[in-house]
Each structure stands twice: as structure tokens, then as C-alpha cells.
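# Summary of structural features
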Amino acid sequence: MRRRILVAVAVLAIFGLAGSVALIQADEFSTEDTVRWEGEFMTVVEEGRALWSSPDLGTNGVACGQCHPNAANTHPETYPKFQQQLGRVIALREMINWCLQNPLEGVPLELNDPKLVAIEAYITYERRGVPLAPGKH
């Protein structure tokens, strides 16, 4: 019986130490990591900015930036929220696709399409620093 207790304590100690080591390592980022990740993000933001100003997403020559210069009036910080045009609560990328289909008369992008991710990154970047307010219209 005593041996079982010692084994149980040893197992718990090993898992406890392993768990705490994993927690410590998961939160430690080097300066190089942060610089690389920010650079990767800004590359995607720049791709989104280029798509935003391009009429190539639709068929009628209209670009997102014509109605929303610098992603104005897009309010990514309020999504998910009820969107009247779709009649339900949606995520920002669904609203982007609605705009691509309707005002731009284009084809919606797949939700994992790098172009959609880039557009969403650009919109979010332009509104950086604005407090989150999901559900707010």
C-alpha cells in the first residue's frame, strides 16, 4: 500500500512538473519571434490593403476602398453581430463576402482563402486601438 502511494505521488509530481514547465515555455517569446510574427502580419495587412483598393475582386470596376477609404465604417471590433442585410448574426468575413457579391458584383471567397484573411487583417489593422464591442451595430 505504501509503495502505491509513493508511486502515485511520484507520478503526480512528474506530471505536475511537466505541466508547469510547458506553461512557462508557452508564454516565453524571444524578441526575434515577436519581430518575425509582426513582420508576417504586416505582410498580410499589405496584401489586404492592395486587395481593398483593387477593382479585381468584383466585376463592375468598384473597389472596397471606394465606399470605405482606409476601411472606414467597417467596425471589425463589433463583430460578430446582427447584420440586417443577412438577417442574422454573422462574422466580419461573412460581411466582406456579402459586399463582394453585392456592391462589387463578384464571387464570395472561401472562408480559408488567403485573400479573405488578408482583407480581414487589413480592416482590423486600420481599426487597431478601438475597444472590442461585439454585437454593437
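Overview of the structure. Since we're looking at a predicted model, the values are computed, not measured.

Among the residues of helix α4 (residues 92-101), Leu 92, Met 95, Ile 96, Asn 97 and Leu 100 are the ones counted as buried. Check the buried side of α4 and you find it contacts β1 (81-83), β2 (88-90) and α5 (114-126).

For the rest of this paragraph, the subject is the packing of aromatic side chains. All chains considered together, the criterion is met by 3 aromatic pairs. Both rings, one in Phe 29 and one in Trp 37, keep their centres 5.1 Å apart while their planes meet at 80°; by these two values the pair is edge-to-face. Classification of Phe 29 as exposed rests on a relative accessible area of 53%. Judged by its relative accessible area of 38%, Trp 37 is partly exposed. The ring of Tyr 79 is capped by Lys 81, whose NZ or CZ atom sits 4.5 Å from the centre of that ring. It is Arg 128 that lies over the ring of Tyr 125; its NZ or CZ is 3.8 Å from the centre.

Mapped onto the elements, Gln 83 comes out in strand β1. Among the residues examined, Gln 83 registers a relative accessible area of 5% and is labelled buried. Within the local environment of Gln 83, its side chain forms a polar contact with the side chain of Tyr 79, the two groups lying 3.1 Å apart. Once residues within four sequence positions are removed from consideration, Gln 83 is found in contact with Arg 88, Ile 90, Met 95 and His 137.

About the cut-offs
The written sequence of each chain sets the order in which its residues are numbered from 1. Only residues with pLDDT of 70 or above have their local features reported here, since the model is predicted, and side-chain atom pairs are shown and tallied only from 80 upward, although totals for entire chains, interfaces and linings are computed over all residues. Side-chain metrics in this entry use all non-hydrogen atoms of the structure; hydrogen atoms and water are not considered. To sort residues, take the accessible area from a 1.4 Å probe on protein chains only and compare it with the maximum for the residue type: under 20% means buried, over 50% means exposed, and anything in between is partly exposed. Secondary structure is summarised from DSSP: a helix means a run of H or I of at least four residues, a strand means a run of E of at least two, and numbering begins at the N terminus for each. In what follows, residue pairs with any heavy atoms lying within 4.5 Å of each other are defined as contacts. Ring pairs are drawn from Phe, Tyr and Trp, using the six-membered ring of Trp, whenever the two centres fall within 6.5 Å, and their geometry is named by plane angle: stacked under 30 degrees, edge-to-face over 60, tilted for the rest. Comment: the charge-over-ring label is applied if NZ (Lys) or CZ (Arg) is within 6 Å of the ring centre and within 35 degrees of the ring normal. Residues adjacent in sequence count toward polar contacts only when both atoms are side-chain atoms; beyond that, a polar contact is any pair of N or O atoms within 3.5 Å, and within protein one must be able to donate a hydrogen and the other to accept it.

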